[in-house]
Amino acid sequence: MSVPRRRRRLPDEVRAAAVRAVLCLSFTLVGVVVATLASYADSWLMTPALMAMGLGVFGTMWCLLEILISRQVAAQRLRAPGSAHPMAGSRTPDPLAARPLPRPGGPPRQQPRVPTA
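Conventions we followed
- Residues numbered from 1 in each chain as written.
- Predicted model: local features only at pLDDT ≥ 70, side-chain atom pairs only at ≥ 80, totals over all residues.
- Heavy atoms only, no water.
- Phe/Tyr/Trp six-rings, centres within 6.5 Å; stacked < 30°, edge-to-face > 60°.
- Helix = DSSP H or I, 4+ residues; strand = E, 2+ residues; numbered from the N terminus.
- Buried < 20%, exposed > 50% of the residue type's maximum accessible area, 1.4 Å probe, protein only.
- Core = buried A, V, L, I, M, F, W, Y, C linked by side-chain atoms within 4.5 Å.
- Contact = heavy atoms within 4.5 Å.
- Expected span 1.5 Å × (residues − 1).
- Axes fitted to C-alpha atoms, helices over the stretch in contact; angles between N-to-C directions.
- Parallel < 35°, antiparallel > 145°, perpendicular 65-115°, else oblique.
- Left-handed = near helix turned anticlockwise from the far one by under 90°.
- Nonpolar A, V, L, I, M, F, W, Y, C, P; charged D, E, K, R; others polar.

Draft legend 1. Geometry of the packing of aromatic side chains. With the rule as written, the count across this model stands at 1 aromatic pair. Between F58 and W62, the ring centres sit 6.1 Å apart and the planes meet at 45°, which makes this aromatic pair tilted. With F58 and W62 both in helix α2 (residues 46-78), this residue pair falls 4 residues apart, about one helical turn. Here F58 and W62 have matching classes, each one exposed.

As structure tokens, this is what we get:
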């Protein structure tokens, strides 16, 4: 008997982008309904409703693109090289990390020896 896998929770930025996309889509659908009803009634509201619908379509596409980009960013953060945690980043030492500067005129500093077993 197999146990169903639990779905992982979406990262916060992806969930926020999805909520914005749903809100923008609902705004667009309301604009479509108002524009349709205004066209049947031959009302002056048809022009603002069509403009709102056009902005809604643009906003919905923008939000869908934001979802795709934020999912890619979250996936890259999860696949960081050698990380056990999404925010851990890389474990390789930074070649440009701060090192102590040699003292002028003095002998070079010796690295502490690590006893080997």
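Moving on, there is more to tell.
Draft legend 2. View of the nonpolar core. Formed by A17, A21, C24, C63 and I67, the largest nonpolar core amounts to 5 residues. Residue assignment for this core shows that the elements contributing at least two residues are α1 (12-41) and α2. If you tally residues by element for this core, the top one is α1, at 3 residues. If near-sequence neighbours (up to four positions away) are discounted, A17 is found in contact with E66, I67 and S70.

Draft legend 3. Spotlight on α2. The first and last C-alpha atoms of α2 sit 47 Å apart over 33 residues, in line with the 48 Å expected at 1.5 Å per residue. Those residues of α2 that sit buried are A49, G56, G59, T60, C63, I67, S70 and A74.

Draft legend 4. Examining unusual backbone geometry more closely. Its identity is not glycine, yet D42 carries a phi of approximately 55°, on the positive side. On the secondary structure map, D42 appears in the loop between α1 and α2.

Draft legend 5. Main features of the packing of α1 against α2. Their axes nearest at 8 Å, the elements α1 and α2 cross at an angle of 160°. Relative to α2, the element α1 is oriented roughly antiparallel. In this structure, α1 meets α2 at a crossing whose hand is left-handed. Tallied by class, the residues present in the contact of α1 with α2 amount to 21 nonpolar, 7 polar and 5 charged.

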